[in-house]
Amino acid sequence: MSDDVRLVAWVRGRVQGVGFRWFTRAKALEIGGLSGFALNLADGRVQVVAEGTRSDCEGLLDWLRDGDTPGRVVGVTEIWDTPRGGYDGFAIR
């Protein structure tokens, strides 16, 4: 039985135009084993989709909430789901 999960997180605050997606990708690569993407949304949020083990996804979520991120995070909303696959590494979109 696989313990892989899909995390979808929406990050609010001053997170566009500050390198947030690049740093998110770097953190995902540092954690290792994560695939997915970080995407700027039209409303100013950044959407982060990550698939991997629950503990790795939780590590990324903790960093999104409390880590040394660029800009200023004021809130993160997340949902958990089953992985869908189809990602080649962790991308910036």
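Scroll up a little and you will see the structure.
Predicted model, so just to flag it, every value in this text is computed and none were measured. (Residues numbered from 1 in each chain as written. Predicted model: local features only at pLDDT ≥ 70, side-chain atom pairs only at ≥ 80, totals over all residues. Heavy atoms only, no water.)

**Overview of the sheet that holds strand β1 (residues 4-14)**
As a reminder of what qualifies: Note on pairing: two strands pair once DSSP finds at least 2 bridges between them. The helix and strand labels rest on DSSP assignments: H or I over at least four residues marks a helix, E over at least two residues marks a strand, and numbering proceeds from the N terminus. Axis angles are defined between N-to-C directions and span 0 to 180 degrees, where every axis is a line fitted to C-alpha atoms and, for a helix, only to the segment in contact. Between two residues, a contact is recorded if the distance between any of their heavy atoms is within 4.5 Å.
Taken in spatial order, the 5 strands make up an open sheet running β4-β1-β3-β2-β5, and their pairing is mixed. Every interior strand has two partners, whereas the edge strands, β4 (72-81) and β5 (90-92), have only one. Between one strand axis and the next, the sheet turns through 15° on average, direction left out of account. Of the strand pairs in this sheet, β1 and β4 are connected by 9 bridges, and their pairing is antiparallel. If you follow V11 over to β4, its bridge partner there is V76. Contacting β1, β2 (35-40), β3 (46-53), β4 and β5, helix α1 (residues 20-31) runs over the sheet at an angle of about 170° to β5. Sheet contacts for helix α2 (residues 54-66): β1, β3 and β4; angle to β3, the most-contacted strand, approximately 155°.

**Concerning the pattern of salt bridges**
Stated precisely, the cut-off is as follows: For this analysis, a salt bridge means a side-chain nitrogen from Lys or Arg found within 4 Å of a carboxyl oxygen belonging to Asp or Glu. Buried, partly exposed and exposed residues are distinguished by accessible area as a fraction of the type maximum, computed with a 1.4 Å probe on protein chains only: under 20%, between the cut-offs, and over 50%, respectively.
This model, assessed by the stated rule, comprises 6 salt bridges. Taking the shortest distance from any N to any O, the salt bridge between K27 and E30 comes out at 3.1 Å. Taken as a pair, K27 and E30 lie in helix α1 at a separation of 3 residues, close to a single helical turn. A relative accessible area of 61% means that E30 is categorised as exposed. The partner of D81 in a salt bridge is R84, with the nearest N and O atoms 3.7 Å apart. According to the relative accessible area criterion, R84 is exposed, its value standing at 61%.

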